[in-house]
Amino acid sequence: MTQPCIVITGITRRVGAWLAGHYLDKGWKVIGTHRRENHTLRELMARGLIAVKADLTEPGAGQATAEEIAQHTADVDVLVHNASLWFDDAACAADASKPLMMYRIHVQNPLELTEALNQHLPVLPQANGHASRMVVFLTDAHISRGDPDHIHYSASKAAVEGAIRSLALKYQPHTRINAIAPGLLMFHPHDSDEYRKQRLAERLLPFEPGPSVVGQTLDYLIDCPLINQAIIKLDSGHHAS
Ligand SMILES: NC(=O)c1ccc[n+]([C@@H]2O[C@H](COP(=O)([O-])OP(=O)(O)OC[C@H]3O[C@@H](n4cnc5c(N)ncnc54)[C@H](OP(=O)(O)O)[C@@H]3O)[C@@H](O)[C@H]2O)c1
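Since the structure is predicted, the reported quantities are computational estimates derived from the model, not experimental observations.

Participant: Help me understand the packing of aromatic side chains in this model?
Facilitator: Describing an aromatic ring pair means giving the distance of the ring centres and the angle of the ring planes. Enumeration according to the criterion identifies three aromatic pairs in this entry. Taking the centre distance of 6.4 Å and the plane angle of 85 degrees together, the rings of Trp86 and Tyr153 count as edge-to-face. Placement of the pair is Trp86 in the loop between β4 (78-81) and α4 (89-94) and Tyr153 in helix α7 (residues 151-162), with a sequence separation of 67 residues. The partly exposed category is assigned to Trp86, whose relative accessible area is 45%. Taking the centre distance of 6.2 Å and the plane angle of 75 degrees together, the rings of Phe187 and Tyr195 count as edge-to-face. In this arrangement the basic side chain of Lys98 is found over the ring face of Phe87, its NZ or CZ atom lying 4.7 Å from the centre.

Following this line, the structure appears as structure tokens:
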């Protein structure tokens, strides 16, 4: 059996790092993009990760990243657009380049990387009608709930969710396009106890799930060949506010 290959953007920490480790454990070829170099990256590389350096806020980074990925593999089975920036609106008001950076990392470069990969490593329709590739975008459950402090961020994540149907039409029948839209997955170390309590109280299931729920969802999307154009919310259900 050939070794499946997954490409994950933004593997230096948290969800991206967890996913890279999960698919290395499963014996996949894992190609991960990174902007910075850190201890987590070096550990993953020691376990077999193929690292591709990319600043996904730079124009043309999607195209350049696809070209480099194509040097490391003949096939990509799964492409996960995970890399992200989370600037609030106050930061965007103080620095007008920040909304554009979020548009580039969440929308423009993922779309360009998806298209360039399709050109450099094309996938063919299969006789059984199954897709050979799946592209998954990490978006955000707050798109549908609203977030008055992260309007630029939400708009950029919503923009890429809005592209999912069109991409699935464009790349059918060889590629499936899906999204995972998490709510709170993990707190940051600097989050106060009060903030943690308040955020958990808003949830129907008041626990901090961590990154593994994204891996479980991605495994499900990989295993079930009929799921296409889906946006799977990972937010414990109804939100109180
Ligand atoms: N964690 C949550 O609770 C939550 C909730 C809703 C949605 N999500 C979504 O789930 C995904 C993973 O979340 P997370 O919390 O693990 O994200 P995160 O901690 O912010 O990590 C994002 C990754 O993006 C990379 N990145 C940042 N700027 C970059 C750039 N200019 N070029 C290339 N890579 C860059 C980071 O690499 P560097 O180390 O180089 O900065 C990092 O590896 C994201 O798409 C996020 O929007 C997460």
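Participant: I keep staring at the environment of Ala168 and nothing clicks. Help me out?
Facilitator: Note on placement: Ala168 falls in helix α8 (residues 164-171). Sequence separation between Ala168 and Ala230 is 62 residues, and the spatial gap between their C-alpha atoms is 9.9 Å.

Participant: It is not clear to me how the site of the ligand should be interpreted in this structure. Could you clarify?
Facilitator: What surrounds the ligand is a group of 27 residues, the closest being Thr12, Arg35, Arg36, Asn82 and Leu185. Gly10 has a polar backbone atom sitting 3.2 Å from an oxygen atom of the ligand. Leu185 places a main-chain nitrogen or oxygen 2.8 Å from an oxygen atom of the ligand. Across the complex, the protein chains shield 94% of the 890 Å² of accessible surface that the ligand would expose by itself. Counting only elements with at least two residues in the shell around the ligand, the list comes to α1 (14-25) and α7. Counted by class, the shell around the ligand contains 13 nonpolar, seven polar and seven charged residues.

Participant: Please explain the pattern of salt bridges as it appears in this structure.
Facilitator: Side chains bearing opposite charge may pair, as long as their charged atoms lie close to each other. For the coordinates displayed, the defined rule picks out six salt bridges. Across the pair Arg47 and Asp25 runs a salt bridge whose closest N-O atoms are separated by 2.6 Å. Of this pair, Arg47 sits in the loop between α2 (39-46) and β3 (50-53) while Asp25 sits in helix α1, and the two are 22 residues apart along the sequence. According to the relative accessible area criterion, Arg47 is partly exposed, its value standing at 44%. Of the charged contacts in the structure, one is a salt bridge between Arg145 and Asp235, with a shortest N-O distance of 3.0 Å. Highlighted residues: Arg145 in helix α6 (residues 142-145) and Asp235 in the segment after β7 (231-234), separated in sequence by 90 residues. On the accessibility criterion, Asp235 (10% relative accessible area) is buried.

Participant: Help me understand the sheet that holds β4 in this model?
Facilitator: To summarise the sheet geometry, strands pair through backbone hydrogen bonds and adopt either a parallel or an antiparallel arrangement. Strand order in this open sheet of seven strands is β3-β2-β1-β4-β5-β6-β7, and the pairing throughout is parallel. Looking at the sheet topology across the chains shown, the edges are occupied by β3 and β7. Taken pair by pair, the neighbouring strands of this sheet meet at an average axis angle of 20 degrees, ignoring direction.

Thresholds applied
- Residues numbered from 1 in each chain as written.
- Predicted model: local features only at pLDDT ≥ 70, side-chain atom pairs only at ≥ 80, totals over all residues.
- Heavy atoms only, no water.
- Phe/Tyr/Trp six-rings, centres within 6.5 Å; stacked < 30°, edge-to-face > 60°.
- Helix = DSSP H or I, 4+ residues; strand = E, 2+ residues; numbered from the N terminus.
- Buried < 20%, exposed > 50% of the residue type's maximum accessible area, 1.4 Å probe, protein only.
- Lys NZ or Arg CZ within 6 Å of the ring centre and 35° of its normal.
- Near = heavy atom within 4 Å.
- Polar contact = N/O pair within 3.5 Å; in protein donor to acceptor, adjacent residues only side chain to side chain.
- Areas by Shrake-Rupley, 256 points an atom, 1.4 Å probe, with all protein chains shown as cover.
- Nonpolar A, V, L, I, M, F, W, Y, C, P; charged D, E, K, R; others polar.
- Salt bridge = Lys/Arg side-chain N within 4 Å of Asp/Glu carboxyl O.
- Pairing = 2+ DSSP bridges.
- Axes fitted to C-alpha atoms, helices over the stretch in contact; angles between N-to-C directions.

Just geometry here; none of it tells us what the structure is for.
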